[in-house]
Amino acid sequence: GVQASLEVPTRAHGLLAEAGGTMLSVARRPGDWLLRWGRDGQPVAWHWIEPDRAFNGHVIASADGHHLYTTESDLETGHGLIGVRDAASLEKLAEWPTQGMDPHELLLDTDGSLLVANGGIPALPETGRLKIHLDRMDASVVRLRTAGTGAEARTGELVGQWRLPDRRLSLRHMAWGHDGQGRALLGIALQAEHADAQARIAAPVLAVFDGQELRTVDAPHTLAGYGGDIAFASGCFAVSCPRANRVSLFDARAGGSTRWAADVALPEACALLVDQDGTAGA
(Lines give C-alpha, C1' and ligand atoms only; values in the text may rest on other atoms or scores of the structure.)
Protein backbone atom coordinates (compact mmCIF):
# COMPACT_ATOMS: atom_id res chain seq x y z
CA GLY A 1 0.00 0.00 0.00
CA VAL A 2 0.90 3.68 -0.12
CA GLN A 3 3.26 4.54 2.76
CA ALA A 4 3.37 8.30 2.12
CA SER A 5 2.12 10.76 -0.47
CA LEU A 6 2.79 14.36 -1.38
CA GLU A 7 0.90 16.74 -3.62
CA VAL A 8 2.96 18.43 -6.34
CA PRO A 9 2.10 21.45 -8.52
CA THR A 10 2.15 19.57 -11.83
CA ARG A 11 2.75 16.03 -13.03
CA ALA A 12 6.09 14.55 -11.91
CA HIS A 13 8.33 12.53 -14.22
CA GLY A 14 11.83 11.37 -13.21
CA LEU A 15 12.71 10.07 -9.73
CA LEU A 16 16.12 9.66 -8.12
CA ALA A 17 16.63 7.68 -4.90
CA GLU A 18 19.44 9.33 -2.94
CA ALA A 19 21.95 7.59 -0.70
CA GLY A 20 20.61 9.22 2.45
CA GLY A 21 17.10 7.87 1.93
CA THR A 22 15.59 11.00 0.37
CA MET A 23 14.08 11.16 -3.11
CA LEU A 24 14.36 13.74 -5.86
CA SER A 25 11.41 14.32 -8.18
CA VAL A 26 11.43 16.45 -11.34
CA ALA A 27 8.49 18.02 -13.12
CA ARG A 28 7.38 16.59 -16.44
CA ARG A 29 8.71 18.62 -19.37
CA PRO A 30 8.47 21.54 -19.74
CA GLY A 31 8.47 21.93 -15.97
CA ASP A 32 9.62 24.44 -13.39
CA TRP A 33 10.12 22.51 -10.14
CA LEU A 34 12.60 20.12 -8.54
CA LEU A 35 11.72 18.54 -5.19
CA ARG A 36 13.64 16.65 -2.51
CA TRP A 37 11.36 14.76 -0.12
CA GLY A 38 11.76 12.31 2.72
CA ARG A 39 10.54 8.82 3.63
CA ASP A 40 7.62 10.38 5.50
CA GLY A 41 6.40 12.09 2.34
CA GLN A 42 7.31 15.55 3.64
CA PRO A 43 9.20 18.03 1.43
CA VAL A 44 12.82 18.64 2.39
CA ALA A 45 13.60 21.26 -0.26
CA TRP A 46 11.83 22.83 -3.24
CA HIS A 47 13.73 24.44 -6.09
CA TRP A 48 12.17 26.53 -8.87
CA ILE A 49 14.02 26.96 -12.16
CA GLU A 50 14.79 30.37 -13.68
CA PRO A 51 11.96 31.95 -15.73
CA ASP A 52 13.79 31.45 -19.05
CA ARG A 53 14.57 27.77 -18.42
CA ALA A 54 12.51 24.58 -18.15
CA PHE A 55 13.24 21.19 -16.62
CA ASN A 56 12.95 18.28 -19.05
CA GLY A 57 12.06 15.58 -16.55
CA HIS A 58 15.27 13.86 -15.41
CA VAL A 59 18.01 14.25 -12.80
CA ILE A 60 21.02 12.13 -11.84
CA ALA A 61 23.89 12.47 -9.37
CA SER A 62 27.54 12.89 -10.31
CA ALA A 63 29.93 10.00 -9.68
CA ASP A 64 31.23 11.59 -6.48
CA GLY A 65 27.75 12.62 -5.30
CA HIS A 66 28.69 16.29 -4.96
CA HIS A 67 26.63 17.49 -7.93
CA LEU A 68 23.35 16.86 -9.69
CA TYR A 69 22.80 16.99 -13.44
CA THR A 70 19.38 18.00 -14.81
CA THR A 71 18.20 18.07 -18.42
CA GLU A 72 16.82 21.50 -19.29
CA SER A 73 15.84 23.76 -22.19
CA ASP A 74 16.49 27.41 -22.90
CA LEU A 75 12.96 28.70 -23.50
CA GLU A 76 14.11 31.56 -25.72
CA THR A 77 16.22 29.53 -28.15
CA GLY A 78 15.00 25.94 -27.57
CA HIS A 79 18.59 24.80 -27.09
CA GLY A 80 19.20 21.89 -24.74
CA LEU A 81 21.20 22.29 -21.54
CA ILE A 82 22.58 20.27 -18.67
CA GLY A 83 22.12 22.10 -15.40
CA VAL A 84 25.01 21.39 -13.02
CA ARG A 85 23.72 21.77 -9.47
CA ASP A 86 25.04 21.62 -5.92
CA ALA A 87 23.71 18.34 -4.54
CA ALA A 88 23.02 19.82 -1.10
CA SER A 89 21.35 23.11 -2.01
CA LEU A 90 19.99 22.21 -5.50
CA GLU A 91 21.31 25.59 -6.72
CA LYS A 92 22.65 25.77 -10.25
CA LEU A 93 26.42 26.17 -10.57
CA ALA A 94 26.87 25.89 -14.34
CA GLU A 95 25.17 25.05 -17.63
CA TRP A 96 26.50 22.82 -20.40
CA PRO A 97 25.00 22.78 -23.92
CA THR A 98 23.77 19.38 -25.12
CA GLN A 99 24.42 20.31 -28.77
CA GLY A 100 20.77 19.70 -29.61
CA MET A 101 17.15 20.30 -28.59
CA ASP A 102 14.76 18.57 -26.22
CA PRO A 103 17.27 16.64 -24.04
CA HIS A 104 15.48 14.00 -22.00
CA GLU A 105 17.21 11.23 -20.03
CA LEU A 106 20.90 11.27 -19.07
CA LEU A 107 23.17 8.55 -17.66
CA LEU A 108 26.77 8.33 -16.46
CA ASP A 109 29.27 6.02 -18.13
CA THR A 110 31.93 4.11 -16.20
CA ASP A 111 34.58 6.69 -17.20
CA GLY A 112 32.52 9.45 -15.58
CA SER A 113 31.37 10.98 -18.86
CA LEU A 114 27.73 11.89 -19.36
CA LEU A 115 25.50 10.42 -22.08
CA VAL A 116 22.45 12.48 -22.99
CA ALA A 117 19.51 11.63 -25.27
CA ASN A 118 18.52 14.71 -27.27
CA GLY A 119 14.91 14.07 -28.26
CA GLY A 120 15.33 16.59 -31.05
CA ILE A 121 11.73 17.88 -31.13
CA PRO A 122 11.47 21.68 -31.52
CA ALA A 123 9.09 23.54 -29.19
CA LEU A 124 8.29 27.08 -28.12
CA PRO A 125 7.50 28.37 -24.60
CA GLU A 126 4.08 29.60 -25.66
CA THR A 127 3.13 26.18 -27.12
CA GLY A 128 4.41 24.04 -24.23
CA ARG A 129 4.42 20.37 -25.27
CA LEU A 130 2.94 21.07 -28.72
CA LYS A 131 5.29 19.62 -31.32
CA ILE A 132 6.19 22.01 -34.14
CA HIS A 133 8.48 21.96 -37.20
CA LEU A 134 8.98 18.20 -37.02
CA ASP A 135 10.70 18.40 -40.40
CA ARG A 136 13.56 20.06 -38.48
CA MET A 137 13.94 17.25 -35.94
CA ASP A 138 17.52 16.49 -34.96
CA ALA A 139 17.69 13.75 -32.33
CA SER A 140 21.08 12.53 -31.13
CA VAL A 141 23.06 10.88 -28.36
CA VAL A 142 25.91 13.00 -27.04
CA ARG A 143 28.79 12.26 -24.72
CA LEU A 144 29.92 15.16 -22.51
CA ARG A 145 33.04 15.34 -20.37
CA THR A 146 32.29 15.88 -16.68
CA ALA A 147 35.86 16.49 -15.46
CA GLY A 148 38.95 17.96 -17.06
CA THR A 149 41.70 15.40 -17.70
CA GLY A 150 44.31 17.61 -19.37
CA ALA A 151 45.45 21.17 -19.87
CA GLU A 152 42.90 21.78 -22.63
CA ALA A 153 40.05 19.58 -21.38
CA ARG A 154 36.90 21.39 -20.26
CA THR A 155 33.96 20.12 -18.24
CA GLY A 156 30.86 19.92 -20.40
CA GLU A 157 33.03 19.48 -23.49
CA LEU A 158 31.44 17.52 -26.34
CA VAL A 159 33.31 14.22 -26.74
CA GLY A 160 31.04 12.64 -29.39
CA GLN A 161 27.63 12.86 -31.04
CA TRP A 162 25.69 10.13 -32.85
CA ARG A 163 22.48 10.21 -34.93
CA LEU A 164 20.17 7.66 -36.52
CA PRO A 165 19.61 7.82 -40.31
CA ASP A 166 15.85 8.23 -39.73
CA ARG A 167 15.54 11.80 -38.39
CA ARG A 168 11.90 11.29 -37.35
CA LEU A 169 12.87 8.96 -34.49
CA SER A 170 13.06 10.78 -31.15
CA LEU A 171 15.48 9.36 -28.56
CA ARG A 172 13.93 9.36 -25.08
CA HIS A 173 14.67 6.96 -22.18
CA MET A 174 17.89 4.99 -21.74
CA ALA A 175 19.20 1.97 -19.82
CA TRP A 176 22.62 0.36 -19.52
CA GLY A 177 22.95 -3.30 -20.48
CA HIS A 178 25.61 -5.64 -21.88
CA ASP A 179 26.04 -8.20 -24.62
CA GLY A 180 26.93 -11.88 -24.30
CA GLN A 181 30.61 -11.02 -23.87
CA GLY A 182 29.96 -8.51 -21.10
CA ARG A 183 30.57 -5.44 -23.26
CA ALA A 184 28.50 -2.40 -22.31
CA LEU A 185 25.48 -1.51 -24.43
CA LEU A 186 23.22 1.50 -24.08
CA GLY A 187 19.60 0.83 -24.97
CA ILE A 188 17.47 3.81 -25.99
CA ALA A 189 13.67 3.83 -26.28
CA LEU A 190 12.39 5.52 -29.45
CA GLN A 191 9.24 7.51 -30.21
CA ALA A 192 8.35 7.96 -33.88
CA GLU A 193 7.19 11.33 -35.20
CA HIS A 194 6.61 10.52 -38.89
CA ALA A 195 3.93 12.49 -40.73
CA ASP A 196 2.74 9.28 -42.42
CA ALA A 197 0.66 7.23 -39.97
CA GLN A 198 1.75 3.86 -41.35
CA ALA A 199 5.42 4.77 -41.17
CA ARG A 200 4.94 5.98 -37.62
CA ILE A 201 3.15 2.81 -36.47
CA ALA A 202 5.75 0.54 -38.10
CA ALA A 203 8.78 2.39 -36.72
CA PRO A 204 11.25 0.66 -34.35
CA VAL A 205 11.06 1.32 -30.62
CA LEU A 206 14.66 0.44 -29.67
CA ALA A 207 18.09 1.74 -30.61
CA VAL A 208 21.35 0.32 -29.25
CA PHE A 209 24.63 2.21 -28.82
CA ASP A 210 27.86 0.23 -28.37
CA GLY A 211 30.13 3.22 -27.87
CA GLN A 212 30.88 3.54 -31.57
CA GLU A 213 27.65 3.00 -33.51
CA LEU A 214 24.00 3.87 -32.92
CA ARG A 215 21.56 1.52 -34.66
CA THR A 216 17.92 0.52 -34.48
CA VAL A 217 16.59 -2.97 -33.70
CA ASP A 218 13.58 -4.23 -35.61
CA ALA A 219 10.67 -6.34 -34.33
CA PRO A 220 8.66 -8.81 -36.45
CA HIS A 221 5.44 -6.84 -35.90
CA THR A 222 4.44 -3.25 -35.26
CA LEU A 223 4.75 -1.79 -31.78
CA ALA A 224 2.93 1.46 -32.66
CA GLY A 225 6.24 3.32 -32.92
CA TYR A 226 6.23 4.36 -29.27
CA GLY A 227 8.69 3.19 -26.63
CA GLY A 228 7.54 4.48 -23.25
CA ASP A 229 10.38 3.28 -21.00
CA ILE A 230 13.32 0.87 -21.04
CA ALA A 231 15.07 -1.45 -18.58
CA PHE A 232 17.68 -4.22 -18.79
CA ALA A 233 17.34 -7.57 -17.03
CA SER A 234 18.35 -11.20 -17.65
CA GLY A 235 20.29 -10.32 -20.79
CA CYS A 236 17.37 -8.48 -22.42
CA PHE A 237 16.30 -4.91 -22.98
CA ALA A 238 12.63 -4.52 -22.07
CA VAL A 239 10.81 -1.69 -23.85
CA SER A 240 7.31 -0.75 -22.74
CA CYS A 241 4.92 -0.01 -25.61
CA PRO A 242 1.78 1.55 -24.08
CA ARG A 243 0.12 2.17 -27.44
CA ALA A 244 0.56 -1.50 -28.36
CA ASN A 245 -0.36 -2.71 -24.84
CA ARG A 246 2.74 -4.81 -24.38
CA VAL A 247 6.33 -4.95 -23.17
CA SER A 248 8.71 -6.05 -25.91
CA LEU A 249 11.88 -7.97 -25.03
CA PHE A 250 15.11 -7.76 -27.05
CA ASP A 251 17.91 -10.27 -26.39
CA ALA A 252 21.30 -8.52 -26.24
CA ARG A 253 23.18 -11.86 -26.20
CA ALA A 254 21.88 -13.13 -29.55
CA GLY A 255 24.86 -13.87 -31.76
CA GLY A 256 26.67 -10.66 -30.90
CA SER A 257 23.78 -8.40 -31.91
CA THR A 258 20.58 -7.36 -30.17
CA ARG A 259 17.44 -9.04 -31.57
CA TRP A 260 13.75 -9.12 -30.75
CA ALA A 261 12.94 -12.09 -28.50
CA ALA A 262 9.35 -11.95 -27.19
CA ASP A 263 6.42 -9.81 -26.12
CA VAL A 264 4.50 -9.71 -22.86
CA ALA A 265 0.92 -8.44 -23.06
CA LEU A 266 0.28 -5.64 -20.57
CA PRO A 267 -2.36 -2.95 -21.08
CA GLU A 268 -0.96 0.61 -21.08
CA ALA A 269 2.49 -0.58 -19.92
CA CYS A 270 4.84 2.34 -19.43
CA ALA A 271 7.20 2.88 -16.46
CA LEU A 272 9.69 0.01 -15.92
CA LEU A 273 12.06 -0.88 -13.11
CA VAL A 274 14.44 -3.72 -12.28
CA ASP A 275 13.73 -5.51 -9.00
CA GLN A 276 16.43 -6.57 -6.54
CA ASP A 277 16.36 -10.09 -7.96
CA GLY A 278 17.24 -8.72 -11.43
CA THR A 279 13.83 -9.06 -13.05
CA ALA A 280 12.11 -6.22 -14.88
CA GLY A 281 8.69 -5.02 -13.75
CA ALA A 282 6.15 -2.55 -15.11
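Below is a summary of the structure that appears in this document.

Topic: the overall build of the protein
A tally of helices and strands in the protein yields 1 helix and 22 strands. Against the compact-globule benchmark of 19 Å for 282 residues, the protein has a radius of gyration of 18 Å, which places it among compact chains. The C-alpha extent of the protein, read off along each of the three principal axes, is 50 × 45 × 40 Å. When burial is assessed residue by residue, the protein has 48% of its 282 residues classed as buried.

Observations concerning the pairing of strand β14 (residues 184-192)
Counting buried residues in β14 gives 8 out of 9 residues, a clear majority hidden from the surface. Judged from the 8 bridges that link them, strand β13 (residues 169-178) and β14 form a sheet pairing that is antiparallel. Pairing of H178 across the sheet is with A184, part of β14. Hairpin connection between β13 and β14: a loop of 5 residues separates the two successive antiparallel strands, and G182 in this loop has a positive phi of roughly 85 degrees. As paired strands, β14 and strand β15 (residues 206-209) are joined by 4 bridges and run antiparallel to one another. For A189, the partnering residue across the bridge sits in β15 and is L206.

As for the nonpolar core
Within the largest apolar cluster, 18 residues are counted, with the highest numbers of intra-cluster contacts made by L164, L171, L186, I188 and L214. Elements represented by at least two residues in this core include exactly β10 (114-118), β13, β14 and β15. Ranked by residues supplied to this core, first place goes to β14 with 4 residues. Those residues within four positions of L164 in sequence are excluded, and the remaining contacts are L169, L171, L190, A207, L214, R215 and T216.

Examining the packing of aromatic side chains
What the rule picks out here adds up to 5 aromatic pairs. Centroid distance W33 to W46: 5.8 Å. Interplanar angle 65 degrees. Geometry classified as edge-to-face. Of the two residues, W33 sits in strand β3 (residues 33-37) while W46 sits in strand β4 (residues 43-48), which places them 13 residues apart along the sequence. Owing to a relative accessible area of 35%, W46 belongs among the partly exposed residues under this scheme.

Here's the deal with unusual backbone geometry
Here the residue pair R29 and P30 is connected by a cis peptide bond, since its omega of -20 degrees sits within 30 degrees of zero. Phi is positive for S234, close to 50 degrees, though the residue is something other than glycine. By the secondary structure assignment, S234 is in the loop between β17 (229-233) and β18 (236-241). The class of S234 is exposed, set by a relative accessible area of 54%.

Quick word on the sheet that holds β10
Taken together, 4 strands build an open sheet; the order of strands is β9-β10-β11-β12 and the sheet is antiparallel. Sheet topology places β9 (103-108) and β12 (158-162) at the edges, where each strand pairs with a single neighbour. The sheet shows a mean angle of 20 degrees between the axes of neighbouring strands, direction not considered. Across 5 bridges, the pairing between β10 and strand β11 (residues 140-144) is antiparallel. Of the residues in β11, the one forming a bridge with N118 is S140.

A short note on the pattern of salt bridges
The final tally for this structure, using the stated rule, is 18 salt bridges. Linking R29 and D102 is a salt bridge whose minimum nitrogen-to-oxygen distance equals 3.6 Å. Separated by 73 residues along the polypeptide, R29 in the loop between β2 (23-27) and β3 and D102 in the loop between β8 (92-101) and β9 bring together distant segments of the chain. Like R29, the residue D102 is buried in the burial classification. A salt bridge links D102 to R172; its shortest N-O distance comes to 2.7 Å. Taken together, the positions of D102 in the loop between β8 and β9 and R172 in strand β13 put the pair 70 residues apart, joining distant regions of the chain. Per residue, the accessibility class of D102 equals that of R172, and both read buried. Each of E50, D52, R53, E72, D74, R85, K92 and E95 takes part in one network of salt bridges that share partners.

Here is what the cut-offs are and how they apply
- Residues numbered from 1 in each chain as written.
- Predicted model: local features only at pLDDT ≥ 70, side-chain atom pairs only at ≥ 80, totals over all residues.
- Heavy atoms only, no water.
- Helix = DSSP H or I, 4+ residues; strand = E, 2+ residues; numbered from the N terminus.
- Rg over C-alpha atoms; globule rule 2.2 N^0.38 Å.
- Buried < 20%, exposed > 50% of the residue type's maximum accessible area, 1.4 Å probe, protein only.
- Pairing = 2+ DSSP bridges.
- Core = buried A, V, L, I, M, F, W, Y, C linked by side-chain atoms within 4.5 Å.
- Contact = heavy atoms within 4.5 Å.
- Phe/Tyr/Trp six-rings, centres within 6.5 Å; stacked < 30°, edge-to-face > 60°.
- Axes fitted to C-alpha atoms, helices over the stretch in contact; angles between N-to-C directions.
- Salt bridge = Lys/Arg side-chain N within 4 Å of Asp/Glu carboxyl O.

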